[in-house]
Amino acid sequence: MTCRIASMTGYARADAMFGPARLRVELKSVNGRGLDIRTRLAPGLDAFDIPIRQALGQALSRGSVNAAVTLDRQGATGAVSVNPAALETILAAISTLAERVDASRPSLDGILALPGVLVVEENRDLDEEGLEPVLMAAVREASAALQQSRLEEGARIAETLSRQLDTIAELVTRADAHPSRSRDAISARLAQQVEALRQEADISPDRLAQEALVLATKADIQEEIDRLRAHIAGARALLSGSGAVGRRLDFLAQEFNREANTLCSKSNAVELTAIGLDLKAVIDQLREQVQNIE
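Structural notes, computed from the coordinates. In this convention, every chain numbers its residues from 1, walking through the sequence in written order. Since the coordinates come from a predicted model, pLDDT governs what is reported: local features require at least 70, and pairs of side-chain atoms require 80 or more to be given and counted, while whole-chain, interface and lining totals use all residues. The basis for the side-chain values is all heavy atoms of the structure; hydrogens and waters are excluded.

### Remarks on the overall build of the protein chain
Which entries qualify depends on this criterion: Each helix is a run of DSSP H or I of at least 4 residues and each strand a run of E of at least 2, with the numbering of both proceeding from the N terminus. The buried label goes to any residue with under 20% of its type's maximum accessible area, the exposed label to any with over 50%, and the partly exposed label to all in between, with areas taken from a 1.4 Å probe on protein chains only. When checking whether two residues touch, look at their non-hydrogen atoms; a contact exists if any pair is within 4.5 Å. Residue burial considers only the protein chains on display, and all accessible areas are found by Shrake-Rupley using a 1.4 Å probe.
Check the secondary structure of the protein chain and you find nine helices and six strands. Here the protein chain holds 294 residues, and 36% of them are scored as buried. Contacts in the protein chain between residues far apart in sequence, at least 24 positions, make up 78% of those at least 6 positions apart. In the form shown here, the protein chain has an accessible surface area of approximately 16,900 Å², with 50% of it arising from carbon and sulfur atoms.

### As for the pattern of salt bridges
Quick reminder of the rule: Salt bridge, as used here, is a side-chain nitrogen of Lys or Arg placed within 4 Å of a carboxyl oxygen of Asp or Glu.
In total, this model carries eleven salt bridges according to the counting rule given. With its nearest N and O atoms 3.3 Å apart, the salt bridge here joins E294 to R150. With E294 in the segment after α9 (270-290) and R150 in helix α4 (residues 128-176), this residue pair connects regions lying 144 residues apart in the sequence. Here E294 and R150 have matching classes, each one buried. D166 is paired through a salt bridge with R236; the nearest N and O atoms lie 2.6 Å apart. Linking D166 in helix α4 with R236 in helix α7 (residues 222-239), this pair joins segments that are 70 residues apart in sequence. Relative accessible area serves as the criterion here: at 35%, R236 is assigned to the partly exposed category. Each member of the salt-bridge network shares a partner with another, and the members are E223, R227 and E259.

### Some points on the pairing of strand β3 (residues 35-41)
What counts, and what does not: A pair of strands counts as paired when DSSP detects no fewer than two bridges linking them.
Pairing of β3 with strand β4 (residues 63-73) involves seven bridges; the strand directions are parallel. Counted as the bridge partner of R38 is N66 from β4.

### Some remarks on the nonpolar core
Stated precisely, the cut-off is as follows: By nonpolar core we mean a set of buried residues, namely Ala, Val, Leu, Ile, Met, Phe, Trp, Tyr and Cys, connected to one another through side-chain atoms within 4.5 Å.
By size, the foremost hydrophobic cluster in this structure holds 32 residues, and its most contacted members are I168, L249, F256 and L279. At the level of elements, α4, α7, α8 (246-266) and α9 are the ones that each hand at least two residues to this core. With eight residues, α4 is the largest single contributor of residues to this core. For L249, the residues in contact, after removing those within four places along its chain, are A235, L238, L239, V290 and I293. Within the second largest apolar cluster, 28 residues are counted, among which are L41, I52, A55 and V65.

### Let's talk about the environment of E223
The line we're drawing: In protein, a polar contact means a hydrogen-donor-capable atom and an acceptor-capable atom, both N or O and within 3.5 Å, with residues adjacent in sequence counting only if both atoms are side-chain atoms; elsewhere, any N or O pair within 3.5 Å suffices.
Following the sequence through the fold, E223 ends up in helix α7. Between the C-alpha atoms of E223 and E259, which are 36 residues apart in sequence, the distance is 9.0 Å. Here R227 takes part through its side chain, which lies 2.5 Å from a polar atom of the side chain of E223.

### A few points about α9
Put simply, the rule reads: Multiply 1.5 Å by the residue count of a helix minus one, and that product is the helix's expected span. Here, the arc refers to the directions that run from the helix axis to the C-beta atoms.
The end-to-end C-alpha separation of α9 is 30 Å, in line with the 30 Å expected for 21 residues at 1.5 Å each. Those residues of α9 that sit buried are L272, I275, G276, L279, V282, I283, L286 and V290. Looking down the long axis of α9, one finds its buried residues gathered within 130° of arc, a one-sided arrangement. When the buried face of α9 is taken as reference, the exposed residues oriented beyond 90 degrees from it are V270 and E288.

### Comments concerning the side chain of R62
Condition: Neither His nor the chain termini are counted; the positive set is Lys and Arg, and the negative set is Asp and Glu.
Structurally, R62 can be placed in the loop between α1 (49-59) and β4. An unpaired buried charge is present at R62: no salt bridge exists, and D250, the closest side chain of opposite charge, is 6.7 Å distant. Within the structure, the side chain of R62 is placed 3.3 Å from the backbone oxygen of G32, a separation counted as a polar contact. Setting aside residues no more than four positions away along its own chain, R62 makes contact with M8, G32, R33, G34, L35, R150, G246, R247, I293 and E294.

### Points about the pairing of strand β2 (residues 21-30)
Across the two faces of β2 the burial differs, with A21, L23, V25, L27 and S29 buried and R22, R24, E26, K28 and V30 not buried at all. Looking at chain direction, strand β1 (residues 10-18) and β2 are connected through nine bridges and run antiparallel. Pairing of G10 across the sheet is with S29, part of β2. Hairpin connection between β1 and β2: a loop of two residues separates the two successive antiparallel strands, and G19 in this loop has a positive phi of roughly 65°. Pairing of β2 with β4, which is carried by ten bridges, proceeds in the antiparallel orientation.

Right, dumping it as structure tokens:
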């Protein structure tokens, strides 16, 4: 079976160089009802938030997507200075602790290594015009890799769904062929139920005929079996196609469950009820898998 459906779960990254700086775009996606894109951009890249969202929105249909862009200024140089306020706070804390704790005082390099004491003033001015094509090319590369990752996971899920559909089809066939569905079995059960109705006092012939019709209708599960088979064919068609089919598969899974419930309620034999319960169990498993499909 050729499958081009995608999962909503995936990961991808892309690197690019911009002069001495290294750009990295990381994309992570998980299940979501719609398309929810969240960005975390390095300082100075806020202007690219909307273009990044637009590029991802064109490539993806569903999922909760986290996009992180980091910029490592490998060749950046800047002045190093001491933060006086942070240094005074730390020295005051050391003096206070020295009065209470018998311990050697920290070394100068130990103090300077504390967060906030040394400040590196990087040059954060970026050539946005020159950076944009490099950054967006990396975003498109990561997006394509994410799509491929989601397709590969989608293929694995499709195999699982296909096996579950085979099991559902087998159970439907067993229900269709069950002896309790034979004309003689249904007639015998109806005769018993009609006879029980006759024992009631003051029941009119018209009421008896109506009740018999209701009993006969409830005993027939052919409509449920036909619908289940139609849903199986519809689900298989979606799995063999491509694109965002998750919502349609989810709808079909709900319809599967509805027909299985009705089959159980109409069952006139313990064995047929057991088949219906097995159907419900497999359908629940199918619904769980469908939640992962884009």
